[in-house]
Amino acid sequence: MNYELLMQRCVAIGNSVLGHTYPNPNVGALIFKDGKIISEGYTGHPGQNHAEINAIENINDKKYLENSTMVVTLEPCSHYGKTPPCTKKIIESKINKVIIGCKDPNLLVNGSGIDQLINNNIDVKVGVLENECLELHKRFFTFQTKKRPYIILKWAETDDGIISPKHKNNYRPYWISNDVSRQYVHKWRSQEHAILVGSKTIDFDNPLLDSRNWDNNSPIKIVIGNPKIKSKDTLYIHNGNDLNIENITNFLYKNNIQSILVEGGYKTLKTFIENNLWDEARIFKSKNKLKKGVLAPKINGKKIYEQNIKNDNLKIIRNH
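The structure displayed is predicted, hence computed values, not measured ones.

### Structural notes on the sheet that holds strand β3 (residues 69-74)
The strand order across the open sheet formed by five strands is β2-β1-β3-β4-β5, and the pairing between neighbours is mixed. Every other strand in the sheet has two partners, leaving β2 (36-42) and β5 (123-126) as the edge strands with one partner each. For this sheet the average axis-to-axis angle between neighbouring strands, irrespective of direction, equals 15 degrees. Pairing analysis gives four bridges linking strand β1 (residues 28-33) to β3, with the strands arranged antiparallel. From the neighbouring strand, A29 faces β3, where its bridge partner is V72.

Structure, rendered in structure tokens:
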């Protein structure tokens, strides 16, 4: 049995629901028997079933589950939360083998799910495609282990390194990147738990900060400071004029925010960079020039991805 191939499928299932499961991780699972996949499942919205339960429930005749193999990207939970423990259902279903991508760092689980399965005579194998599963669940792992969200910085700059013109005539964003690049951004917004900007960005641009050009699965909006334009569906971090990074990360952690897309402005981006508090930066470079305006922040990291999107160049870097 090729466990790696089956786990690849589980990772793909998990990726397909990225952004739709917060604050739960986007887990993918399947059940394999007699040389074929007989069921698949992914984690639902908060309060709905986890991936393992959905894979089990998708099978009408439960006798098919006997002596089958479950493959899952993350260790099954062993505690009562909004839903009962997944381990209980797995044991009751008489599944006799469970293949796990990575251990759950949550202190409520952290190996206890694996122990429960082993203590009930289930054959357990851990660490299949572990790196791919850790990448899939990087937001969840960062939140659990670093007590902060996974932080993605994003901006678009002109060929001469400007992120915003010196003067604008209206209270709307000035587009530096092209329409396809902007659709990428809407896709990213739909995948992250929240989006964060400074109050000046709200006052100058009044941006919608949603994912209307993708799937309308829009993130929670968070604004640092006290903008003139207020919105009911926005969380505000009142920091006065001081961008205290510890206050920001504590606020995000207390509000259970697992991932965040930081979209500006310059001062906000610079604060995260100077405090070395970021995981990824996604930077569009346009061929257009502005000559005068706000210069893009300077950042160093390891390039993990690059692509040309029409006349824009997208570069994704990761913090060392």
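Structure shown, so let's carry the discussion forward.
### Describing helix α7 (residues 179-191)
For α7, spanning 13 residues, the distance from its first C-alpha to its last is 19 Å, which sits close to the expected 18 Å at 1.5 Å a residue. By the burial criterion, the buried members of α7 are S181, V185, H186, W188, R189, S190 and Q191. The N-terminus of α7 is capped by N178, whose side-chain oxygen sits 3.0 Å from the backbone nitrogen of V180.

### Thoughts on the pattern of salt bridges
One pass over the full model with this rule turns up 21 salt bridges. Two residues, K89 and E57, come together in a salt bridge whose shortest N-O distance is 3.0 Å. In this pair, K89 sits in helix α3 (residues 86-92) while E57 sits in helix α2 (residues 51-57), placing the two residues 32 residues apart along the sequence. For the salt bridge of E192 with R139, the shortest nitrogen-to-oxygen distance reads 2.8 Å.

### Regarding the state of the cysteines
Each disulfide consists of one covalent bond between the sulfur atoms belonging to two cysteines. Across all of its chains, the model carries zero disulfides by this definition. Between C77, a free cysteine, and C86, which holds the nearest cysteine sulfur, the sulfur-to-sulfur gap is 3.7 Å. As a non-bridged cysteine, C133 has C102 as the owner of its nearest cysteine sulfur, 5.2 Å distant.

### Overview of the environment of E306
When you line up the elements, E306 lands in strand β14 (residues 302-309). Along the sequence, E306 and I316 sit ten residues apart, while their C-alpha atoms lie 6.3 Å from each other. Among the polar contacts made by the side chain of E306, one reaches the side chain of K303 at a distance of 2.6 Å. A distance of 3.1 Å separates a polar atom in the side chain of E306 from a polar atom in the side chain of N313.

### Quick notes on the sheet that holds strand β12 (residues 280-285)
Pairing is mixed across the open sheet formed by eight strands, whose spatial order is β10-β9-β8-β11-β6-β12-β15-β14. This sheet does not close on itself; its edge strands, each paired only once, are β10 (234-237) and β14. Put simply, the sheet's adjacent strands are angled 20 degrees from each other on average, direction ignored. Here β14 runs beside strand β15 (residues 312-318); their pairing, made up of seven bridges, is antiparallel. Looking at the pairing, Y305 lines up with I316 of β15. Docked against the sheet, α7 engages β6 (150-157), β8 (194-198), β11 (259-262), β12, β14 and β15, running at close to 160 degrees with respect to β12.

Criteria and cut-off values
Note on numbering: residues in each chain are counted from 1, in written sequence order. pLDDT decides what is reported in this predicted model: residues at 70 or higher carry local features, side-chain atom pairs at 80 or more are listed and counted, and totals for whole chains, interfaces and linings draw on all residues regardless. Side-chain descriptors were evaluated using all non-hydrogen atoms of the structure, hydrogens and water having been removed beforehand. Pairing between strands is defined by DSSP: at least two bridges between them are needed. Segments assigned H or I by DSSP are reported as helices when at least four residues long, segments assigned E as strands when at least two residues long, and all are numbered from the N terminus. Each axis is a line fitted through C-alpha atoms, taken for helices only over the stretch in contact, and angles between the N-to-C directions span 0 to 180 degrees. Expected span of a helix, by definition, is 1.5 Å for each gap between consecutive residues, and there is one gap fewer than residues. For each residue, the accessible area found with a 1.4 Å probe, counting protein chains only, is set against the maximum for its type, and the residue is called buried under 20%, exposed over 50%, and partly exposed in between. Pairing of N or O atoms within 3.5 Å defines a polar contact, subject to two protein rules: one partner must be a possible hydrogen donor and the other a possible acceptor, and residues neighboring in sequence count only if both atoms are side-chain atoms. The term salt bridge refers to a pairing of a side-chain nitrogen on Lys or Arg with a carboxyl oxygen on Asp or Glu at a separation within 4 Å. For the purposes of this analysis, a disulfide is any pair of cysteine sulfur atoms at a distance within 2.5 Å. Residues are treated as being in contact if the distance between any of their heavy atoms lies within 4.5 Å.

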